[in-house]
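Structural overview for review
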Amino acid sequence: MRNITLINGDGIGPEISNAVLKIIDAAGVKINWDIQTAGADVIEKEGTPLPQRVIDSIKKNKVALKAPVTTPIGKGFRSVNVQLRKELDLYANLRPCKNLPSVKTRFENVDIVVIRENTEDLYAGIERQVDSDTAESIKIITRKASERICKFAFDYAVKNHRNEVCVVTKANIMKLSDGLFLESYRKISENYPMIRKREILVDNLCMQLVQNPEQFDVLVLPNLYGDIVSDLCAGLIGGLGVAQGANIGSDYAVFEPVHGSAPDIKGLNKANPTALLLSAIDLLKYIGELNVADKINNALFTTLKQGISTQDLGGYATTNEFADAIIQNLKL
């Protein structure tokens, strides 16, 4: 039996975690879930949203499924996500964005993979208050991290039979930092003659994504642009409720939905577990449970085709009803 860390989060985290675990168990894969709490709910007791026991659990089990946790805006503790990525060197943020059945969107053939560098850029957290009227943040781009994420993107493209890797920067303005990222992409790309190359500025990319997103395949971006663009791409396929994600390093991997903890609907049994379920499906593929992953994915798609969905997607199902419908379709 495989041991996997589960960070069940706060807000809607525990609700959607329970729904997803119920589906995975019904699919027949046996996992020993090492359940760890983190986020706003543990600060009062343990003085931090990310206790060391959570890090230790992931280091022991190598793989984790993480529900959303609350990040204070403008004050308080740093993001648990950012801390996890730095502590475990989860340098690659992987966010596939693909249309789902019966989820109404403006575009029908979106199949984009956003690969975001996860450890530096403005997210390095190097900030200072210069004076009462001025704050300063430092953007860090290194050759090592840039080449590593570009290699990850090209390797992903080859392994998953993708055709193009497009690098996204603002190198016309930030000629040194973004210029280094672009230079790294060009160097690494020489080792992949079978993959098409493309370069685009981030503002142009955003315009084209809302006009003709079908043209894009794999995008590789520095941290901040990747964060913004991945949410834009989630909007193309129905919103954050259906957007999965993964944070992958050389030794560890943490799979999580893109959306937040939605404390306003906590305990109302109306949260959409799809994004966490899709993340769990990717986790199952990562650990080699390919047949079970496909089985759950097919059951999810069948459920959506039947018109069963949660309120955020225009349906009427509760969190539990949606999970139960997927479980029923596992038997088909």
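Cut-offs used in this document
Every residue gets a number counted from 1 within its own chain, in the order that chain's sequence is written. Where local features are concerned, this predicted model is filtered to residues with pLDDT of at least 70; where side-chain atom pairs are given and counted, the filter is 80 or more; whole-chain, interface and lining totals use all residues. To obtain the side-chain values, all non-hydrogen atoms of the structure were used and water was disregarded. Partly exposed describes any residue whose relative accessible area lies between the buried limit of under 20% and the exposed limit of over 50%, with all areas from a 1.4 Å probe on protein chains only and scaled to the type maximum. For the purposes of this entry, the term helix denotes a DSSP run of H or I that reaches at least four residues, the term strand denotes a run of E that reaches at least two, and both are numbered from the N terminus. Arc definition: directions from the helix axis to the C-beta atoms. The contact definition used throughout considers only heavy atoms, calling two residues in contact when any of these lie within 4.5 Å. Note on pairing: DSSP must find at least two bridges between two strands before they are called paired. Axis definition: a line fitted to C-alpha atoms, over the contacting stretch in the case of helices. Angles run 0 to 180 degrees between N-to-C directions.

**What to know about helix 7 (residues 202–209)**
Val 202, Leu 205, Gln 208 and Leu 209 are the residues of helix 7 that are buried. One side of helix 7 holds all its buried residues, which, seen down the axis, span an arc of 120 degrees. Those residues of helix 7 hidden inside the fold are in contact with strand 5 (111–117), strand 8 (164–169), strand 9 (196–201), strand 10 (218–221) and helix 8 (223–236).

**A short note on the pairing of strand 3 (residues 63–66)**
With burial as the criterion, each face of strand 3 is covered, one bearing Val 63 and Leu 65 and the other bearing Ala 64 and Lys 66. Here 3 bridges tie strand 1 (residues 2–7) to strand 3, and the two strands are oriented parallel to one another. Residue pairing in the sheet places Thr 5 in a bridge with Ala 64 of strand 3. Examined bridge by bridge, strand 3 and strand 12 (residues 253–257) share 3 bridges and lie parallel to one another. Note on strand 12: the bridge partner recorded for Ala 64 is Val 254.

**A few points about the sheet that holds strand 1**
Across the sheet, which stays open at both edges, the 10 strands sit in the order 2-1-3-12-11-4-5-10-8-9 with mixed pairing between neighbours. The open sheet is flanked by strand 2 (31–36) and strand 9, the only strands paired with a single partner. Neighbour-to-neighbour, the strand axes of this sheet turn through a mean angle of 25 degrees, independent of strand direction. Sheet strands touched by helix 1 (residues 13–26): strand 1, strand 2 and strand 3. Its angle to strand 2, the strand with the most contacts, is close to 170 degrees. Across the sheet, helix 5 (residues 143–159) lies against strand 4 (92–98), strand 5, strand 8, strand 9, strand 10 and strand 11 (244–248), angled at about 155 degrees from strand 5, the strand it touches most.

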